[in-house]
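# Summary of structural features
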Amino acid sequence: MTDCTKSTKDDPVAPQSKTADQYSAEVALRWSAINLYLLRNTPGFTPPVASRALGYVGLALYEAVVPGLPTHRSLAGQLTGLTRLPQPDAKATYNWAVSANAAEAQILRNLFANTSDGNKAKIDSLEVLTLTELKTETGSSEVVDRSVAFGRQIADAIFEWSKTDGGHEGYNRNFPADFKVPLFNGSWQTTENGRKIPMQPYWGNNRTFVAANANLPMPKPLPISADVKSQYFAQYLEVYTKNKSLTQTEKEISIWWADDPSETFTPPGHSYNLARIAIQTAKTDLGKASETLARTGLAVADAFTVCWKCKYRFNNERPYTFVRRAIDPAWIPFWPAPPFPGYTSGHATQSAAAATVLGGIYGDSFSFTDDSHVSRVRDLKRNTDFKARSFTSFWQAAEESAYSRYLGGIHTRQDNETGLTTGKEIGKNVNSLSWKK
C-alpha cells in the first residue's frame, strides 16, 4: 500500500509521527468497500439494519484517528449515551492508519457476527494485508502494537455502546411475529411481495445517534380519502398515471436507485458509496475521509430511525393498495412495493440526510459521477440498463433518489417531499455537532 502515507515537501515527517491528515484515505476506502460487500452478502441486513451498521462503522473509523487530528474533536459526550471513549497515551507515538485498520476490522467482526465464515476470513485477510503494508512503512513494532491496541479498544467500546440502542442484532428480527398490523381505512396492507408483517415495525423506537433527531416532529400525511376531488386521491392518481407512461430515461432512474437489498448494498449503502466517491473525487486524506464516512453513517442511521418512527406512527398505505381499490384493480407498479408503510419515503429521508452532511463537508456545488451499479447486468424484466448518473451537487442526487420512487410507482409526492425535508433537518443536526475545536 505505497500511498498509505502522504509526505510533505517542505517538512518531511517520519511516518509514525504524522498527524491523521497526513495519511492517504486508502485505509478508509478499503474498509468502506468491504463494509458495502458485507451489507450485500450477509443475511438480514435490510435497509434499517444496514443503516445502523454504517453509523457505527463510520464512527469507529473517525474515533480511531481523531486524536491524531489536532483541529478536530471526539464525538464522545456529544452522541446520545456515549459519555466517554478510550484515550491514547498523549506522550506516545501512534500510526493513525494502523489504528483505523484495527478499529474497522474489529467493529465489522462484531457487527457482522452472523456473516459467513468466508466473509469473516475476508475481514481477517484485509486486516493482515493492510497491517503488513503499514508495518513496513512504520518501522517501529512498538508503535504498531500500540496503534493496533488503541484501534481495537475504540471499536470494542463503540460496539458495547451499540448494544443498548434497541437495534442490536436486528438482522434476527426483521419481521417480528408479535407485531399486530393496524387495520383501518387507508392503512398499510400486504402488497405483491406477500409479506403479512411489515419490516422492522419497532425500529423507530431505537436510540438516535444525535439527540436532536429524536425530537423531530412527526409531520402528518394528507387526510385519507377516496373522493376523486381530494388531494389524497390526486396524489395516488398521479403515481398511477405516470407509471403508465415512463420514458426509457425514467426507467433507468427508477432502477438505478432501487437498491434492492437482495441484489445491492441497500439504499443507505448507496449513500455511503456516494461518500466514498466524494473522497475519491476530492482526493482527500485519511482525516477528512474518516469525518466524511462518520457524518454519512450517522446521517443515514438516524434517517432510518426517524423515518421508521413516522412510518409506523401513521401506517400509510402504498400506491399499490390505494390504486387497486380505488382506480384500477389490475394495476402493478413498475417496481415492487417494499414490505412496509409508505409515508414517509426512506429513500428521500436518508438521501437528503446524506446529501446535507456531504454538502457540509465538500460544498453545495460538487460535481461527481455515481457509478455504483455500472457493473450490474441489464434488467431484462424491465428492459433497462444500469447507466452511471452524473450530478453537480449532492442535493441533486438526493432529489433524483426520491423522485425514482415516484417513478417506480411505490411512493407519492407527499412521501418524497416530506422525506426530503425531514432528511435535511437530520443532516443539519449531524453537521451541528462540534466536529472541530
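This is a predicted model, so every value here is computed, not measured.

## Overview of the overall build of the chain
- A tally of regular secondary structure across the chain gives 14 helices and 2 strands.
- What you see for the chain is a C-alpha radius of gyration of 22 Å, in line with the 22 Å of a compact globule of 437 residues.
- By the burial criterion, 59% of the 437 residues in the chain qualify as buried.
- Restricting to contacts in the chain with at least 6 residues of sequence separation, those with at least 24 account for 81%.
- Carbon and sulfur atoms form 50% of the exposed surface of the chain, whose accessible area is close to 17,100 Å².
- The chain carries 48 positive and 43 negative side-chain charges, and their two centres are separated by 4 Å.

## Thoughts on the environment of Ala103
- Inspection of the secondary structure assignment puts Ala103 in helix H3 (residues 96-111).
- Between the C-alpha atom of Ala103 and that of Leu59, which follows or precedes it by 44 residues, the distance is 9.9 Å.
- Apart from the residues within four sequence positions on either side, Ala103 is in contact with Ala60, Ala64, Gly151, Arg152 and Ala155.

## Side note on the pattern of salt bridges
- With the rule as written, the count across this model stands at 18 salt bridges.
- One salt bridge in this structure joins Glu127 and Arg109, with 3.0 Å as the shortest N-O distance. Of the two residues, Glu127 is situated in helix H4 (residues 117-138) and Arg109 in helix H3; the sequence distance between them amounts to 18 residues.
- A relative accessible area of 8% means that Glu127 is categorised as buried.
- We note a salt bridge from Glu127 to Arg152, for which the minimum N-O separation is 3.2 Å. Taken as a pair, Glu127 in helix H4 and Arg152 in helix H5 (residues 141-162) lie far apart in primary sequence, 25 residues in all.
- Salt bridges linked by common partners bring Arg109, Asp124, Glu127 and Arg152 together as one network.

## Things to note about helix H12 (residues 346-362)
- With 17 residues, H12 should reach 24 Å at 1.5 Å per residue; the first-to-last C-alpha distance of 24 Å fits that figure.
- Within H12, 16 of the 17 residues are buried, leaving the element largely enclosed by the surrounding structure.
- Measuring from the backbone nitrogen of His347 back to the side-chain oxygen at the start of H12 gives 3.3 Å, which picks out Ser345 as the cap.
- Immediately downstream of H12, the backbone of Gly363 shows phi near 100°, a positive value.

## Considerations on the environment of Leu407
- As for its placement among the helices and strands, Leu407 is situated in helix H13 (residues 394-407).
- Through-space distance from the C-alpha of Leu407 to that of Leu246 is 7.4 Å; in sequence the pair is 161 residues apart.

## Brief notes about helix H7 (residues 231-243)
- Look at H7: 19 Å from first C-alpha to last across 13 residues, which is about the 18 Å you get at 1.5 Å a residue.
- Looking only at H7, the buried set comprises Tyr232, Phe233, Gln235, Tyr236, Val239, Tyr240, Lys242 and Asn243.
- Looking at the buried side of H7, the elements it contacts are helix H8 (248-256), helix H11 (319-326), H13 and helix H14 (413-431).

## Some points on the nonpolar core
- Grouped together as the largest cluster of nonpolar side chains are 132 residues, with contacts concentrated most on Leu79, Ile107, Leu108, Ile158 and Phe209.
- The element that contributes the greatest number of residues to this core is helix H10 (residues 286-314), accounting for 16 residues.
- Among all residues touching Ile158, those that are not within four sequence positions of it are Tyr56, Leu59, Ala60, Glu63, Leu85 and Ile107.

## Comments concerning the layout of surface pockets
- Each pocket or cavity is described by its volume, and for the largest pocket that value is around 660 Å³.
- If you trace the largest pocket, you find 33 residues lining it, with Asp260, Pro261, Ser262, Pro338 and Pro339 closest to the centre.
- Looking at the lining of the largest pocket, the elements with two or more residues in it are H10 and H12.
- Here the residues of the lining of the largest pocket sort into 16 nonpolar, 7 polar and 10 charged.
- Estimates place the volume of the second largest pocket at around 150 Å³.
- In this structure, the second largest pocket is lined by Asp21, Leu69, Thr71, His72, Asp285, Gly287, Lys288, Glu291, Arg295, Gly360, Ile361 and Lys436.

## A word on the packing of helix H1 (residues 26-41) against H4
- Packing of H1 against H4 brings their axes to within 11 Å, and their N-to-C directions diverge by 175°. One way to sum up the angle between H1 and H4 is to call them roughly antiparallel. Every residue of H4 that contacts H1 at Val27, Arg30, Trp31, Ile34, Tyr37, Leu38 and Asn41 is listed here: Asn119, Lys122, Ile123, Leu126, Glu127, Leu129, Thr130, Glu133 and Leu134.
- Grouping the constituent residues of the contact of H1 with H4 by class yields 9 nonpolar, 3 polar and 4 charged.

## Observations regarding the packing of aromatic side chains
- A full pass over the atoms with the stated rule returns 27 aromatic pairs.
- Here Trp308 and Phe340 contribute two aromatic rings whose centre-to-centre distance is 4.7 Å and whose plane-to-plane angle is 50°, an arrangement assigned as tilted. On the criterion of sequence distance, the pair formed by Trp308 in helix H10 and Phe340 in the loop between H11 and H12 is long-range, its members being 32 residues apart.
- Judged by its relative accessible area of 9%, Phe340 is buried.
- Members of the aromatic cluster, joined through ring pairs, are Trp257, Tyr362, Phe366, Phe368, Phe391 and Phe394.
- Across from the ring centre of Phe175, 3.8 Å away, lies the NZ or CZ of Arg195, which sits over that ring.
- When the ring centre of Trp308 is taken as reference, the NZ or CZ atom of Lys311 above it lies at 5.2 Å.

## A short note on the packing of helix H2 (residues 47-65) against helix H9 (residues 266-282)
- Here H2 crosses H9 at 35°, and the two axes come no closer than 7 Å. The residues of H9 that touch H2, namely those facing Pro47, Ala50, Ser51, Leu54, Val57 and Gly58, are Thr266, Pro267, Pro268, Gly269 and Tyr272.

Criteria and cut-off values
Residues numbered from 1 in each chain as written. Predicted model: local features only at pLDDT ≥ 70, side-chain atom pairs only at ≥ 80, totals over all residues. Heavy atoms only, no water. Helix = DSSP H or I, 4+ residues; strand = E, 2+ residues; numbered from the N terminus. Rg over C-alpha atoms; globule rule 2.2 N^0.38 Å. Buried < 20%, exposed > 50% of the residue type's maximum accessible area, 1.4 Å probe, protein only. Contact = heavy atoms within 4.5 Å. Areas by Shrake-Rupley, 256 points an atom, 1.4 Å probe, with all protein chains shown as cover. Lys, Arg positive; Asp, Glu negative; His and termini not counted. Charge placed at Lys NZ, Arg CZ, Asp CG, Glu CD. Salt bridge = Lys/Arg side-chain N within 4 Å of Asp/Glu carboxyl O. Expected span 1.5 Å × (residues − 1). Polar contact = N/O pair within 3.5 Å; in protein donor to acceptor, adjacent residues only side chain to side chain. Core = buried A, V, L, I, M, F, W, Y, C linked by side-chain atoms within 4.5 Å. 1 Å grid on protein atoms, 1.4 Å probe; cavity = no way out; pocket = protein on both sides within 12 Å on 5 of 7 lines; lining within 4 Å. Points joined across faces, edges and corners; volume = space filled by probe spheres on them. Nonpolar A, V, L, I, M, F, W, Y, C, P; charged D, E, K, R; others polar. Axes fitted to C-alpha atoms, helices over the stretch in contact; angles between N-to-C directions. Parallel < 35°, antiparallel > 145°, perpendicular 65-115°, else oblique. Phe/Tyr/Trp six-rings, centres within 6.5 Å; stacked < 30°, edge-to-face > 60°. Lys NZ or Arg CZ within 6 Å of the ring centre and 35° of its normal.

These results come straight from atomic positions and should not be treated as a statement about function.
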